[in-house]
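What follows is each chain in one-letter form.
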Amino acid sequence: MATNNYHLNDGSSLAPRLELQQSWWAMIGLGENGREWTMEEKFEQIAAAGFTGISATMPPEQDYAEWHRLLDKYQFTFSTVAFPSSKSDMRDILDIVKQFGRVQYINSQVMDSFVVGDEAVQLLQDLLEASNEAGIPHFIETHRGRITQDLLRTTDYVRALPQLQLIIDLSHYIVAGELDGGVGSRAEAEFDVLLERTAGIHARISNGEQVQIDIGKSGKHQMVENFKRWWRKGMRNWYANAVPGDILSFVPELGPPGYAITRLDENGREIETTDRWQQALLLKQIAEELWQEVVAEAANKNAIR
């Protein structure tokens, strides 16, 4: 895995491409006939759906062999989610990542939301320098409840740190700011600042009141067009600067209950109100369509020149 200026590149001469990974966290509780799929059945479902990788927290050391077996069997890439709060934390994470041996990139939700201003900028710089020295691509997720708690402080970090590249998940800022279908020009301008640093996208759609909503079987919810516009901008910005071997990750990340909206059945059990797996496949389809648009648009521009 080649690293250069904090971005993801596999060292090949392949055209810049979209990597479709599924969130392992988002597979919690999924199954059929009242039974959750086994680990291997989840791999089978992810592969059959056309994903090419998995995004997950690092597995326990005793599970490394089984993860390696399944990643090899299904020829999956693997990215990991980390939660560092100091440079020392980051070094420990990097040691574990190197021990596991096949991490494509690290996506950090940096702790915590009470670290602000110059202290936050210094912490982000320290974390990125540590991973760059280790030769492992490392991106910061736009996530509430973390150092990236809100939109405005995160745009300040982007302006302060030219090397900061982001995993874009705007659902957090939509719900944190109660930005509904009437997303205004001021928020849009701040989103544009973040989208200039797109290194990957986590897909979840918020309506400004719930962080994760059902968008229907065909994605006709009014907020879908907003998220498609933002994802398209992020893809377009990334593609404009991409070189052979570059990889842009896209991860549907629909969380289990706690994120997923639920109701109580007659026995007091939480029941999800949506088919989370089918929703993930719809988000994947949307990403593929947007990517085709961006690539075709770039090809047309080059043809005109």
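About the criteria used
- Residues numbered from 1 in each chain as written.
- Predicted model: local features only at pLDDT ≥ 70, side-chain atom pairs only at ≥ 80, totals over all residues.
- Heavy atoms only, no water.
- Helix = DSSP H or I, 4+ residues; strand = E, 2+ residues; numbered from the N terminus.
- Rg over C-alpha atoms; globule rule 2.2 N^0.38 Å.
- Buried < 20%, exposed > 50% of the residue type's maximum accessible area, 1.4 Å probe, protein only.
- Contact = heavy atoms within 4.5 Å.
- Areas by Shrake-Rupley, 256 points an atom, 1.4 Å probe, with all protein chains shown as cover.
- Salt bridge = Lys/Arg side-chain N within 4 Å of Asp/Glu carboxyl O.
- Pairing = 2+ DSSP bridges.
- Axes fitted to C-alpha atoms, helices over the stretch in contact; angles between N-to-C directions.
- Polar contact = N/O pair within 3.5 Å; in protein donor to acceptor, adjacent residues only side chain to side chain.
- Phe/Tyr/Trp six-rings, centres within 6.5 Å; stacked < 30°, edge-to-face > 60°.
- Lys NZ or Arg CZ within 6 Å of the ring centre and 35° of its normal.
- Parallel < 35°, antiparallel > 145°, perpendicular 65-115°, else oblique.
- Left-handed = near helix turned anticlockwise from the far one by under 90°.
- Nonpolar A, V, L, I, M, F, W, Y, C, P; charged D, E, K, R; others polar.

Asks: If you had to explain the overall build of the protein chain to someone new, which residues and values would you point to?
Replies: Scanning the protein chain from terminus to terminus reveals nine helices and 14 strands. On C-alpha atoms alone, the protein chain measures out to a radius of gyration of 19 Å, which is about the 19 Å that the 2.2 N^0.38 rule sets for 305 residues. Buried positions account for 52% of the 305 residues belonging to the protein chain. In the protein chain, the share of contacts with a sequence separation of at least 24, taken over all contacts with a separation of at least 6, comes to 76%. Carbon and sulfur atoms make up 47% of the accessible area of the protein chain, which totals about 13900 Å².

Asks: Describe the pattern of salt bridges, with residues and values.
Replies: A full pass over the atoms with the stated rule returns 21 salt bridges. Glu41 is the salt-bridge partner of Arg35, the closest N and O atoms lying 3.0 Å from each other. Glu188 is paired through a salt bridge with Arg229; the nearest N and O atoms lie 3.0 Å apart. Taken as a pair, Glu188 in helix 7 (residues 185–195) and Arg229 in helix 8 (residues 224–240) lie far apart in primary sequence, 41 residues in all. Salt bridges sharing partners connect three or more residues here, namely Glu40, Glu66, Arg69 and Lys73.

Asks: Which residues make up the sheet that holds strand 9 (residues 138–141), and what values go with them?
Replies: Around the barrel, which closes on itself, the eight strands sit in the order 3-6-7-8-9-10-11-12 with parallel pairing between neighbours. Sheet twist, expressed as the average angle between the axes of neighbouring strands with direction ignored, equals 30°. Packing of helix 3 (residues 87–100) onto the sheet brings it into contact with strand 7 (77–82), strand 8 (106–108) and strand 9, and relative to strand 8 it is tilted by some 150°.

Asks: Before we move on, can you summarise helix 5 (residues 151–160) with the specific residues and values?
Replies: Within helix 5 the residues assigned to the buried category are Leu151, Arg153, Thr154, Thr155, Tyr157 and Val158. Buried positions along helix 5 lie against helix 4 (117–134), strand 10 (166–168), helix 6 (171–176) and helix 7. Among the residues of helix 5, the N-terminal cap falls to Asp150, whose side-chain oxygen and the backbone nitrogen of Leu152 are separated by 3.2 Å.

Asks: Before we move on, could you go through the packing of aromatic side chains and cite the residues and values that matter?
Replies: Under the definition given, this model contains 19 aromatic pairs. When the ring of Phe227 is compared with that of Trp230, the centres are 5.0 Å apart and the planes differ by 75°; the resulting orientation is edge-to-face. Taken as a pair, Phe227 and Trp230 lie in helix 8 at a separation of three residues, close to a single helical turn. Both residues of the pair, Phe227 and Trp230, belong to the buried class. Three or more aromatic residues joined by ring pairs make a cluster, and in this case those are Trp24, Phe43, Tyr64, Trp67, Tyr74, Phe76, Phe78 and Phe100. Over the ring of Trp24 we find Lys42; its NZ or CZ atom is 5.7 Å from the centre of that ring. A cation sits over an aromatic face here: Lys284 above Phe51, 5.7 Å from the ring centre.

Asks: Provide a residue-level description of the packing of helix 5 against helix 7, including the pertinent values.
Replies: Taken N-terminus to C-terminus, the directions of helix 5 and helix 7 make an angle of 40°; their axes are 9 Å apart at the nearest point. Here helix 5 lies oblique to helix 7, going by the angle between them. Crossing handedness for the pair helix 5 and helix 7: left-handed. In contact with Leu151, Leu152, Thr154, Thr155, Val158 and Arg159 of helix 5, helix 7 contributes Ala187, Glu190, Phe191, Val193 and Leu194. For the contact of helix 5 with helix 7, the residue count by class is seven nonpolar, two polar and two charged.

Asks: Give a detailed account of the packing of helix 8 against helix 9 (residues 276–304), specifying residues and quantitative values.
Replies: Contact pair helix 8 / helix 9: the axes reach a minimum separation of 9 Å and the direction vectors enclose 45°. Classified by the interaxial angle, the pair formed by helix 8 and helix 9 is oblique. As for how helix 8 packs across helix 9, the hand of that crossing is right-handed. Facing helix 8, whose interface residues are Val224, Lys228, Trp231, Arg232, Met235, Arg236, Trp238 and Tyr239, helix 9 presents Leu283, Ile286, Ala287, Leu290, Trp291, Glu293, Val294, Val295, Glu297 and Ala298.

Asks: Describe the environment of Val115, listing the residues and the values that go with them.
Replies: Residue placement: Val115 occurs in the loop between strand 8 and helix 4. Put simply, Val115 and Asn241 are 126 residues apart on the chain and 31 Å apart in space, counted from C-alpha to C-alpha. Setting aside anything within four residues of it in sequence, one finds Val115 in contact with Ala120, Leu123, Ile147, Arg153 and Tyr157.

These figures come from the coordinates and say nothing about function on their own.
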